[in-house]
Amino acid sequence: QRLKAAVHYTVGCLCQEVAEDKDMQFSKQTIAAISEITFRQCGIFLISPRHAKRSTVTTEDVKLLARRSNSLLKYITQKSEELTSSHMEQKEKKKKSSAAKGRRNSEEQEAAVSESEDSNMA
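The rules behind each value
- Residues numbered from 1 in each chain as written.
- Predicted model: local features only at pLDDT ≥ 70, side-chain atom pairs only at ≥ 80, totals over all residues.
- Heavy atoms only, no water.
- Helix = DSSP H or I, 4+ residues; strand = E, 2+ residues; numbered from the N terminus.
- Buried < 20%, exposed > 50% of the residue type's maximum accessible area, 1.4 Å probe, protein only.
- Areas by Shrake-Rupley, 256 points an atom, 1.4 Å probe, with all protein chains shown as cover.
- Salt bridge = Lys/Arg side-chain N within 4 Å of Asp/Glu carboxyl O.
- Contact = heavy atoms within 4.5 Å.

The name given to the chain in an unreviewed UniProt entry is Centromere protein S, and the organism recorded there is Brachypteracias leptosomus.

Asker: Help me out: how do you make sense of the overall build of the chain in this one?
Answerer: Along its length, the chain carries four helices and zero strands. Its helices and strands taken in sequence order, the chain reads α-α-α-α from the N to the C terminus. A total of 122 residues make up the chain; the buried ones form 11% of that total. Accessible surface computed for the chain: about 10600 Å², of which carbon and sulfur atoms make up 56%.

Asker: Is there a simple way to think about the pattern of salt bridges in this case?
Answerer: When charged atoms on two side chains of opposite charge get close, those side chains can pair. Taken as a whole and judged by the stated rule, the model has five salt bridges. With a closest N to O distance of 3.1 Å, Arg40 and Glu36 form a salt bridge. Placement of both Arg40 and Glu36 in helix α2 (residues 28-51) is noted, with a separation of four residues, approximately one turn of the helix. Residue class for Arg40 comes out exposed when judged on its relative accessible area of 57%. By relative accessible area, Glu36 is classed as partly exposed at 25%. We note a salt bridge from Lys79 to Glu82, for which the minimum N-O separation is 3.4 Å. With Lys79 and Glu82 both in helix α4 (residues 70-121), this residue pair falls three residues apart, about one helical turn. Judged by its relative accessible area of 35%, Lys79 is partly exposed.

Asker: What's the story with the side chain of Lys63 in this structure? I'm lost.
Answerer: As for its position among the elements, Lys63 is in helix α3 (residues 59-66). On the basis of relative accessible area, Lys63 is assigned to the buried category, the value being 18%. Here Lys63 is in contact with Leu73, Ile76, Thr77 and Ser80, once residues within four sequence places are set aside.

Asker: How do you make sense of unusual backbone geometry when you look at a structure like this?
Answerer: With a phi close to 55°, Asp23 is a non-glycine residue in the positive phi region. With respect to the helices and strands, Asp23 occurs in the loop between α1 (2-22) and α2. A residue is classified by how much of its surface remains accessible, and Asp23, at 73% relative accessible area, is exposed.

Below, the structure written as structure tokens:
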């Protein structure tokens, strides 16, 4: 029940945003109907990974469910690709920063060894 209420609340917020953007109104019955359809569709989302003996819904599961609507499938595919490229960019940044830290640490260690050797010679 709490999940259903959360879906209804979220759909209401989204409808309000669209209404303001498009200068239109949504009736309470319309919001309730969209909420119910959304909640039922989410139940269908859960069937796909279970059927494949998985516990995670993947982007491929979502694309499979959206294949009947070309525009929705195109949108989901585009967003998925954007998220993937963004994720890859973040990974590259982390690699570069950790490589730079590694270089600095090894340089610091070399300097410390060098100083140690110098002090041992004196």
